[in-house]
Amino acid sequence: MEIQSVAAEELRLPTRRRKTRYRMIASFKDFSLVCPALLFLGVFTYYPLLFSVYISFTDWNLVKPAKKFVGLLNYEKLLTDPKLYHVLKITFVYTILDVVLTLAIGLLLALLLNVNSRVYNTMRLFIFMPHYISMVIASMVFVWILNNQYGIMNKSLSLFGMEPVHWLDSTSNAIWGLIMVSLWKGVGFTMIIFLAGLRGIPVEYYEASSIDGANKWQQFLHVTLPLLSPTTLFLLITSFISSMQVFQSVDVMTDGGPLESTKVMVYWIYQMAFRDFRAGRSSALVILFFFIIIALTIVQFVLSRKKVHYEG
Amino acid sequence: MYRKKAASLFAVLALTAVSTLGCSSGGGAEEAGAVAPSASEDQTPVTIQYWHAHADVQLEGLNYMLAEFKKKYPWITVEPVYQGAYADLHKKLLAAVAAKEVPAVTNVEVASIPNFGEGGIFMDLNPYIKRDKMDVNDFSQGMLKAYAYNNKQYGLPLIVSANVFIYNKTMFDKEGIKPPQTWEEIEPFAQKLTKKEGSNVSRYAFSVPGWDMWYAETWMRNGGGTPLTDDNKSGVDQPNSVKFMKKFREWMDKGYLQMGYGKGASDTMRQMFFDEKVGMVMHTSALIKWYMENAKFEIGVLFPPGDQKRISHIGGAGIAVMDMVPQNQKEAAWKFVEFMTAPDNNIKWADYTGYLPTRKSAITSAEGTEYFSKKPQYKAVFENFDNVIGRPQHPNYPAAIEVLKNAIGNILLDNKDVETEFKAAAKGMNEVLEDN
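Residues numbered from 1 in each chain as written. Chains lettered and ligands numbered in written order. Predicted model: local features only at pLDDT ≥ 70, side-chain atom pairs only at ≥ 80, totals over all residues.

Asker: I tried to follow the overall build of chain B on my own but got confused; where do I start?
Answerer: From N to C terminus, chain B includes 20 helices and 13 strands. Its C-alpha atoms give chain B a radius of gyration of 23 Å, near enough to 22 Å, the size a compact globule of 436 residues would have. If you line up chain B on its principal axes, its C-alpha atoms span 75 × 65 × 45 Å. In chain B, the share of contacts with a sequence separation of at least 24, taken over all contacts with a separation of at least 6, comes to 78%. (Helix = DSSP H or I, 4+ residues; strand = E, 2+ residues; numbered from the N terminus. Rg over C-alpha atoms; globule rule 2.2 N^0.38 Å. Contact = placed C-beta atoms within 7 Å.)

Asker: Just checking my understanding: could you explain the overall build of chain A for this structure?
Answerer: Helix and strand counts for chain A come out as 13 helices and zero strands. Listed by position from the N terminus, the elements making up chain A come as α-α-α-α-α-α-α-α-α-α-α-α-α. In summary, chain A has a C-alpha radius of gyration of 27 Å against a globular reference of 20 Å for 312 residues, an excess of more than 25%. Projected onto its principal axes, the C-alpha positions of chain A cover 95 × 70 × 35 Å.

Asker: Looking at this structure, how should I read the domain arrangement of chain B?
Answerer: Quite often, the size of an interface is put as the accessible area lost when its parts meet. Residue and element names in this part refer to chain B. Here chain B is described as being made up of domain 1 (40-161 + 315-389) and domain 2 (162-314 + 393-434). Placing the centre of domain 1 and that of domain 2 at their C-alpha centroids yields a distance of 29 Å. Sorting the residues of the side of domain 1 that touches domain 2 by element identifies α5 (113-119), α7 (141-146), β6 (156-168), β12 (312-321), α18 (379-382) and β13 (388-389) as the ones contributing at least two each. Considering every element that reaches the side of domain 1 that touches domain 2, the biggest residue donor is α5, with four residues. Of the residues contributing to the side of domain 1 that touches domain 2, the split by class is 15 nonpolar, nine polar and two charged. (Domains from an automatic or database assignment. Nonpolar A, V, L, I, M, F, W, Y, C, P; charged D, E, K, R; others polar.)

Asker: Help me understand unusual backbone geometry, please; the structure alone is not making it clear to me.
Answerer: In terms of backbone geometry, most residues other than glycine have negative phi values and most peptide bonds are trans. Residue and element names in this part refer to chain B. Notably, Lys133 is not glycine yet its phi reads approximately 50 degrees, a positive angle. Among the structural elements, Lys133 can be located in the loop between α6 (126-131) and α7. Under the C-beta neighbour-count criterion, Lys133 is labelled exposed, with 7 such atoms within 10 Å. Residues other than glycine seldom take positive phi values, yet Asn232 does so here, at roughly 60 degrees. Position of Asn232 relative to the elements: it lies in the loop between α10 (213-222) and α11 (239-253). Residue Asn232 is classed as partly exposed on the basis of its 15 C-beta neighbours within 10 Å. (Buried ≥ 20, exposed ≤ 12 C-beta atoms within 10 Å, placed from the backbone.)

Asker: Mind showing me how you'd approach the nonpolar core here?
Answerer: In a soluble, globular protein the nonpolar side chains are often hidden away together inside. In terms of nonpolar packing, the biggest core is built from 163 residues, with Phe206(B), Val321(B), Ala333(B) and Leu404(B) touching the most fellow members. Those residues in contact with Leu404(B) that lie beyond four places of it in its chain are Met213(B), Ala216(B), Pro227(B), Val236(B), Ala425(B) and Met429(B). (Core = buried A, V, L, I, M, F, W, Y, C linked by C-beta atoms within 7 Å.)

Asker: When you look at the confidence of the model for chain B in this model, what are you seeing that I'm missing?
Answerer: Low pLDDT marks regions whose predicted coordinates should not be analysed in detail. Residue and element names in this part refer to chain B. Per-residue confidence for chain B gives a mean pLDDT of 87; residues scoring 70 or more make up 91%. Element-level pLDDT for chain B is lowest in helix α2 (residues 11-18), with a mean of 36, against a maximum mean of 96 in strand β9 (residues 257-258). Scored below 50 in pLDDT, residues 1-33 shows 67 contacts in the model against residues more than four places distant or in partner chains. Predicted complex, confidence summary: ipTM 0.75, pTM 0.80. (pLDDT = per-residue confidence, 0-100.)

Asker: Would you take a moment to explain the pairing of strand β1 (residues 46-52) of chain B for this structure?
Answerer: It is a general feature of regular strands that their side chains alternate between the two faces of the sheet. Residues and elements named next belong to chain B. For β1, the tally of buried residues reaches five of seven residues, placing the bulk of the element in the interior. Bridge count for β1 against strand β2 (residues 76-82) is seven bridges, and the pairing is parallel. For His52, the partnering residue across the bridge sits in β2 and is Tyr82. At this point the chain moves from β1, through helix α3 (residues 56-72), to the parallel β2, and the crossover so formed is right-handed. In terms of strand pairing, β1 meets strand β3 (residues 105-109) through two bridges, oriented parallel. If you follow Tyr50 over to β3, its bridge partner there is Val105. (Pairing = 2+ DSSP bridges. Right-handed = clockwise from strand over helix to strand, strands pointing away.)

Asker: I keep staring at the packing of helix α4 (residues 82-112) of chain A against helix α10 (residues 216-244) of chain A and nothing clicks. Help me out?
Answerer: To describe two helices that pack against each other, one gives the angle between their axes and the distance between the axes. Residue and element names in this part refer to chain A. Packing of α4 against α10 brings their axes to within 9 Å, and their N-to-C directions diverge by 145 degrees. Taken as a pair, α4 and α10 cross one another with a handedness that is right-handed. Of α10, the residues touching α4 (which contributes Thr91, Tyr94, Thr95, Asp98, Val99, Thr102 and Leu103) are Thr232, Leu235, Leu236, Ser239, Phe240, Ser243 and Met244. For the contact of α4 with α10, the residue count by class is seven nonpolar, six polar and one charged. (Axes fitted to C-alpha atoms, helices over the stretch in contact; angles between N-to-C directions. Left-handed = near helix turned anticlockwise from the far one by under 90°.)

Asker: What is the right way to look at the pairing of β12(B) in this model?
Answerer: Residues and elements named next belong to chain B. Across the 10 residues that make up β12, a large majority, 10, are buried. The sheet contact formed by β3 and β12 spans five bridges and is antiparallel. Considered in β12, the bridge of Glu109 is made with Ala317. The sheet contact formed by β6 and β12 spans six bridges and is antiparallel. In the sheet register, Val160 faces β12, and the bridge partner there is Gly316. Bridge count between β12 and β13: two bridges; the pairing is parallel. By the bridge assignment, His313 is partnered in β13 with Ile389.

Asker: Please explain α11(B) as it appears in this structure.
Answerer: Each full turn of the α-helix corresponds to 3.6 residues, which orients residues three or four apart in the same direction. Residues and elements named next belong to chain B. Given a rise of 1.5 Å per residue, 15 residues ought to cover 21 Å, and the 21 Å separating the end C-alpha atoms of α11 matches this to within 8%. If you check which residues of α11 are buried, you get Ser241, Val242, Lys243, Phe244, Met245, Phe248 and Trp251. Its buried side turned inward, α11 meets α9 (183-193), α10, β9, α19 (397-414) and α20 (418-434). A positive phi of about 85 degrees marks Gly255, the residue just after α11. (Expected span 1.5 Å × (residues − 1).)

Asker: What's the story with the confidence of the model for chain A in this structure? I'm lost.
Answerer: On average, residues of chain A carry a pLDDT of 89, and 94% of them reach 70 or more. Put simply, helix α1 (residues 2-12) of chain A is where chain A has its lowest mean pLDDT, 57, and α4(A) is where it has its highest, 96.

Asker: Looking at this model, I keep getting lost on the environment of Asp124(B). Mind explaining?
Answerer: Residue and element names in this part refer to chain B. For Asp124, the location among the structural elements is in the loop between α5 and α6. Classification of Asp124 by C-beta neighbours within 10 Å gives buried; the count is 23. Through-space distance from the C-alpha of Asp124 to that of Gln153 is 5.3 Å; in sequence the pair is 29 residues apart.

Written as structure tokens, this is what we have:
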């Protein structure tokens, strides 16, 4: 009886209002479906994020019960600290080297191994395999590989009559040690994504260009590269962000040294918070770093807008 | 997607901030009163958690101690929870304090006492020590003081190490060399042991780690200097503080001393020692057992040679009670701390863990005598028992001493001038120490 009267009332409503009501119910349904994910993000990402903004304006040391409000003092101290610029420089140098080399080697491998046969499949498997190994384990192994007296790297170099290289205990080489482990672990993944991109390029373009007399190099420059640009942009942004956030290899292989030559941003944030107990200042650094990454990512998007070709 | 990426950047932020969840009102720990509640005869069952950093090799010892504790206090159940190495344990402890869900007892690494002490998260044990008439004079005084801060005893020494020299006794006996007891004896000792052809050194006399200032501080203090003065200023530019590094420079130039710097340097030093490319290495006493098990030759142990003084610095961790737990847990936790650090099981605990005994009476006991006859290597430390002392205490000290580490790095890697670097380090350290 009651149901009938509700239905009758619905029918009496003007059509526009009825539609709005249905739309609201539909959006509520959609919203309720994403609620668990939002809740998770809210608790573990957005709440800590906002809380860090708050902490960055305090002098909190992680153990003190009281958090004294200090205004912009943490930001001021950071911006006047020459170490900030040193750490930023190291982080950028690492990121540029890592991203450029990972993408270049990944693309080269994808081009070389873009053949369907059992041998090539096995080769791809071997190159991709390090991706599954944890960064901590890989770094521990590389500490030994790069050991200047007992490492296999220097032993191999000596076979070619080369002098042993101080890898991790030299200010100029330590960063290369970090890049080596990152490349070893990362190129396989980049190769696979590039391969997927390569396979998505229609054969017709190559056929058409070869009829027009283009050689392999010209095909690569004018067909492959432009049509791979969405894949390249994706890899560029993701590897840029992950390189900027490098931490585990630094923690295991160099401790930010020697002489702070590998002190990257996230490692500095970690040390400031958990070694020096400066939660306030390290949160301020997190916020600064957040805006730096956002700004650079926007720059990458804008610059790449003209260069990225989406097929169709 | 973009927002998602931006959010992922905050992995590190989450690390910081997750530890603060639920603490916006401030997790104030009430200070323990000067007087402990009178000893309770209450035997109502109580369960307490013990957060520890005892790795696998120490678990047998821990299980033995827990079983013995249960026999003595059947109404108290201790739940041991391994929380990883000291740094991991500390991080989890901070998160626990923020969430107000803390264990009753925990390990604490000795260098972090000032920071935890300032936060007031540990219970001051002094009132309980007084109430139960614990004989604290029986502890090595240096070890005991290392766990006190601002006149409060925030913990007691549990797994204590000191820096020592570990030497190749077989090699020394063969060469007819005795390990040097003073800085003066180092020159003739090293001259005899070093093997050198031109500038190529095939055997160094000794090795000192340059990667951790724990070792350099010992040399600095033994030379009559200090890393931190009484008024909390850097002392590294004092003539007596610089002296050791000048000696090091000279010994390195002569090929006597190998000094590693950087992350892999510890592995290199150990391997060189096993390959007999170095006669003795300065390292933590916690590794004596490991060296003895892995070396193909006989191992000897030497307390760091002295000059103006002869001390060694304490390392390892202590045991502390969290101030936030209810009174019945505090009482149970105190009983556990008392038991774990008591003289009765002190030798057995040391034997199991490879760390040092902490009680004088344990050392002189029948069990102690037997221990030393079985492991004479540890004797070197106990002949200097009260000279194992704590590192300087200041909340900013761990960050400040990194400045000296960089200075030593400049000297070792870039051949910079010792005096200039130490002067600059003192200035840099003061800036960090004053930065609040």
